[in-house]
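What follows is the residue order along each chain.
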Amino acid sequence: MASVIIKHIASRCVLRTYKKSIRVCWTRPLCASTNDTGNAAKSERGNKAPKIYTKTGDKGFSSTFTGERRPKEDGVFEALGATDELSCAIGLAREFCIDQGHAFTEELEKIQCVLQDVGSNIATPQSSARQSHIKKTMFSGHPLSDLERWIDKYTEELPPLTNFILPSGGKSSAALHVARSVCRRAERSVAPIVRSGEVDAEVAKFLNRLSDYLFTVARYAAMKEGNRETVYRRPE
């Protein structure tokens with residue numbers, strides 16, 4: 001998992017290299033000599049894209065962004081995995097919401113991008129980070145204000161909540177409830193490493209508020225689609 005985050009952080013460097021290759025190919029003369037073609041082929045073979053698998057985690061260890069090797073069951077990687085799963089759950093819910101034409105799908109996409117930044121911060125334990133690492137992966141509290149503004153906006157349109165509700169209200173709503181529950185687990189996995197000072201405290205605040213947002217838009221999606229939410233009733 002950490003290798004995925006690290007590859008994401010380095011993707012801009014790869015992209016710059018890729019763009020440079022495009023410029024070279026674009027400016028190469030169409031009628032190149034045989035020797036030029038051979039050299040070009042050698043160059044292309046030497047600039048192959050990196051493979052998706054690295055084999056560096058085969059023995060049960062993985063690397064943080066700081067280069068530190070830790071067991072895969074370490075709290076940092078537990079938090080990274082939960083955050084990745086959360087983004088996947090939101091992505092699936094977003095597809096259902098797109099099918100229904102919900103306007104808040106752009107917010108869900110923005111949240112997924114923020115979760116990439118959350119992952120980068122988690123993958124950079126403060127205990128082994130240099131200032132250059134911290135500068136690249138610092139997590140600010142700005143996305144928190146967006147979540148609170150969105151929550152307030154949708155809450156104003158929703159009927160008051162007077163009973164416990166079950167995950168329901170159609171596919172969009174139910175999928176958002178699944179994402180909400182995954183978000184709670186991600187928050188629980190992040191809490192201990194925030195308390196230990198390894199991760200920015202703003203990460204925990206963001207995840208806490210995100211679960212409230214997902215609950216709110218789940219209800220909002222049900223309302224907009226005209227679907228009934230199932231109210232909890234004690235079994236007879």
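Since this is a predicted model, take the numbers as computed values, not measurements.

**Some thoughts on the side chain of T124**
You can see T124 is positioned in the loop between helix 5 (105-122) and helix 6 (131-137). Overall, T124 belongs to the buried group, its relative accessible area being 1%. For T124, the contacting residues outside a window of four places in its chain are F65, T66, A129, H133, T137 and E198.

**Some details on unusual backbone geometry**
Although it is not a glycine, K55 adopts a positive phi angle of roughly 70°. Turning to its location among the elements, K55 is positioned in the loop between helix 3 (34-46) and strand 1 (61-63).

**Here's the deal with the packing of aromatic side chains**
For the structure shown, the criterion picks out five aromatic pairs. Between F104 and Y154, the ring centres sit 6.2 Å apart and the planes meet at 70°, which makes this aromatic pair edge-to-face. On the criterion of sequence distance, the pair formed by F104 in the loop between helix 4 (75-99) and helix 5 and Y154 in helix 7 (residues 142-157) is long-range, its members being 50 residues apart. With relative accessibility at 1%, the residue F104 sits in the buried group. Under the relative-accessibility criterion, Y154 is labelled buried at 5%. Between Y154 and Y220, the ring centres sit 4.5 Å apart and the planes meet at 45°, which makes this aromatic pair tilted. In this pair, Y154 is assigned in helix 7 and Y220 in helix 9 (residues 201-225), connecting sequence segments 66 residues apart. Note on accessibility: Y154 and Y220 belong to one class, buried. Three or more aromatic residues joined by ring pairs make a cluster, and in this case those are F104, Y154 and Y220.

**As for the side chain of R219**
Following the sequence through the fold, R219 ends up in helix 9. Overall, R219 belongs to the buried group, its relative accessible area being 7%. A distance of 3.4 Å separates polar atoms of two side chains, one belonging to R219 and the other to E229. Discounting chain neighbours no more than four positions away, the residues touching R219 are L158, P159, P160, L161, I165, S173 and E229.

Reading the values: the criteria
- Residues numbered from 1 in each chain as written.
- Predicted model: local features only at pLDDT ≥ 70, side-chain atom pairs only at ≥ 80, totals over all residues.
- Heavy atoms only, no water.
- Helix = DSSP H or I, 4+ residues; strand = E, 2+ residues; numbered from the N terminus.
- Buried < 20%, exposed > 50% of the residue type's maximum accessible area, 1.4 Å probe, protein only.
- Contact = heavy atoms within 4.5 Å.
- Phe/Tyr/Trp six-rings, centres within 6.5 Å; stacked < 30°, edge-to-face > 60°.
- Polar contact = N/O pair within 3.5 Å; in protein donor to acceptor, adjacent residues only side chain to side chain.

By themselves, these observations are geometric and do not establish any function.
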